[in-house]
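What follows is the residue order along each chain.
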Amino acid sequence: MSETMTKGAVLILLGPPGAGKGTQARMLEERFGLVQLSTGDLLRAAVAAGTEAGLAARSVMEAGGLVSDEIVLAILKDRLAEPDTVRGVILDGFPRTPGQAEALDALLAGQGLSISAAISMEVDDAAMVTRVSGRYTCASCGEGYHDSFKQPAQAGTCDKCGSGDFKRRADDNAETVGARLTAYHASTAPLIAYYEQRGVLRSVDGMGAIDTIAADLGAIVTDITG
Ligand code: ADP
Ligand code: ADP
Ligand code: ZN
């Protein structure tokens, strides 16, 4: 059983690539029974499935640009319509543009919901290249790892599921990280002011240890839903 009733909660994790959004979203999911919703994961699934949206998104993602609001919103709406999301959601990597933020507000308002908190994960850009370049995940359960910062307890074996199969993202290299950081500052960072104006902005120091950040985020979730 998860700790708190988070039904209807809508949390947003804001931060550049490598900030730790995915790592922390999975931990919040486990602790609070929320559902992680990563538009990056949804888009990668669409690319792998070869859908029309996936075909359109593929080259943009490989270059480290932003996929069009239209495609991302369609994918997100479909996922939000699935019944498990009533447990409450953590949006990881969405919204990423003012247009997406406005569309999300309208979508939630239509369902009588609103944003519980948008949490900015504050990190140094310079450290994100190392974080992203060393990232890999379990091919079986999706648990995230890092070459230097988060290695499995037993080398080559996933801590969560025991699988020995790991994968790396095609876009996780030093070249695309630069483009992705530029896209973050141009299109996504303005959302920090957007959510501050709406009174839902919170922030955490994203440069500490994974468990310290998890505790800081946990305190925020407990505060807003408890
Ligand atoms: P994002 O989803 O924001 O792009 P991730 O959660 O995938 O970021 O983290 C990027 C990489 O950095 C992963 O390899 C992860 O294991 C590692 N990582 C996450 N948080 C930290 C942290 N606080 N300190 C060091 N490494 C971290
Ligand atoms: P990271 O956390 O490392 O930035 P993501 O998995 O969130 O990576 O996103 C990977 C790529 O998918 C992005 O570089 C972008 O091309 C695309 N993408 C993901 N989410 C969005 C979004 N909300 N809007 C536009 N493009 C997106
Ligand atoms: Zn695993």
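Everything discussed here concerns the structure shown above.
Bear in mind the structure is a predicted one, so any value in this text is a computation, not a measurement.

(A) Inspection of the site of ligand 2 at higher detail. For ligand 2, the set of nearby residues contains 19 residues, the closest of which are Thr39, Gly65, Arg96, Arg135 and Arg180. Here a nitrogen atom of ligand 2 sits 2.8 Å away from a polar atom, N or O, in the side chain of Thr39. A distance of 3.1 Å separates a nitrogen atom of ligand 2 from a polar atom in the backbone of Val67. Looking at which element gives the most residues to the shell around ligand 2, the answer is helix H2 (residues 39–49), with 4 residues. Tallied by class, residues from the shell around ligand 2 come to 7 nonpolar, 5 polar and 7 charged.

(B) Geometry of the site of ligand 1. Around ligand 1 lies a shell of 16 residues, among which Gly18, Lys21, Thr23, Arg135 and Tyr145 are the nearest. Interatomic distance of 2.9 Å between a backbone N/O atom of Gly18 and an oxygen atom of ligand 1. With respect to ligand 1, the side chain of Arg135 contributes an N or O atom lying 2.6 Å from an oxygen atom. Considering ligand 1 on its own, with 560 Å² of exposed area, one finds that the protein chains cover 91% of that surface.

(C) How the structure looks around the packing of aromatic side chains. Taken as a whole and assessed by the stated rule, the structure comprises 4 aromatic pairs. Ring centres of Tyr136 and Tyr145 lie 5.7 Å apart, and the angle between their planes is 25°; on these two criteria the pair is classed as stacked. By relative accessible area, which is 4% here, Tyr145 ends up buried. Where Tyr136 meets Phe166, the ring centres are 5.5 Å apart and the plane angle is 80°; that geometry is what we call edge-to-face. Of the two residues, Tyr136 sits in strand S5 (residues 135–138) while Phe166 sits in strand S7 (residues 166–167), which places them 30 residues apart along the sequence. Residue Tyr136 is classed as buried on the basis of its relative accessible area of 12%. On the basis of relative accessibility, which here comes to 25%, the residue Phe166 falls in the partly exposed class. Members of the aromatic cluster, joined through ring pairs, are Tyr136, Tyr145 and Phe166.

Thresholds applied
- Residues numbered from 1 in each chain as written.
- Chains lettered and ligands numbered in written order.
- Predicted model: local features only at pLDDT ≥ 70, side-chain atom pairs only at ≥ 80, totals over all residues.
- Heavy atoms only, no water.
- Near = heavy atom within 4 Å.
- Polar contact = N/O pair within 3.5 Å; in protein donor to acceptor, adjacent residues only side chain to side chain.
- Helix = DSSP H or I, 4+ residues; strand = E, 2+ residues; numbered from the N terminus.
- Nonpolar A, V, L, I, M, F, W, Y, C, P; charged D, E, K, R; others polar.
- Areas by Shrake-Rupley, 256 points an atom, 1.4 Å probe, with all protein chains shown as cover.
- Phe/Tyr/Trp six-rings, centres within 6.5 Å; stacked < 30°, edge-to-face > 60°.
- Buried < 20%, exposed > 50% of the residue type's maximum accessible area, 1.4 Å probe, protein only.

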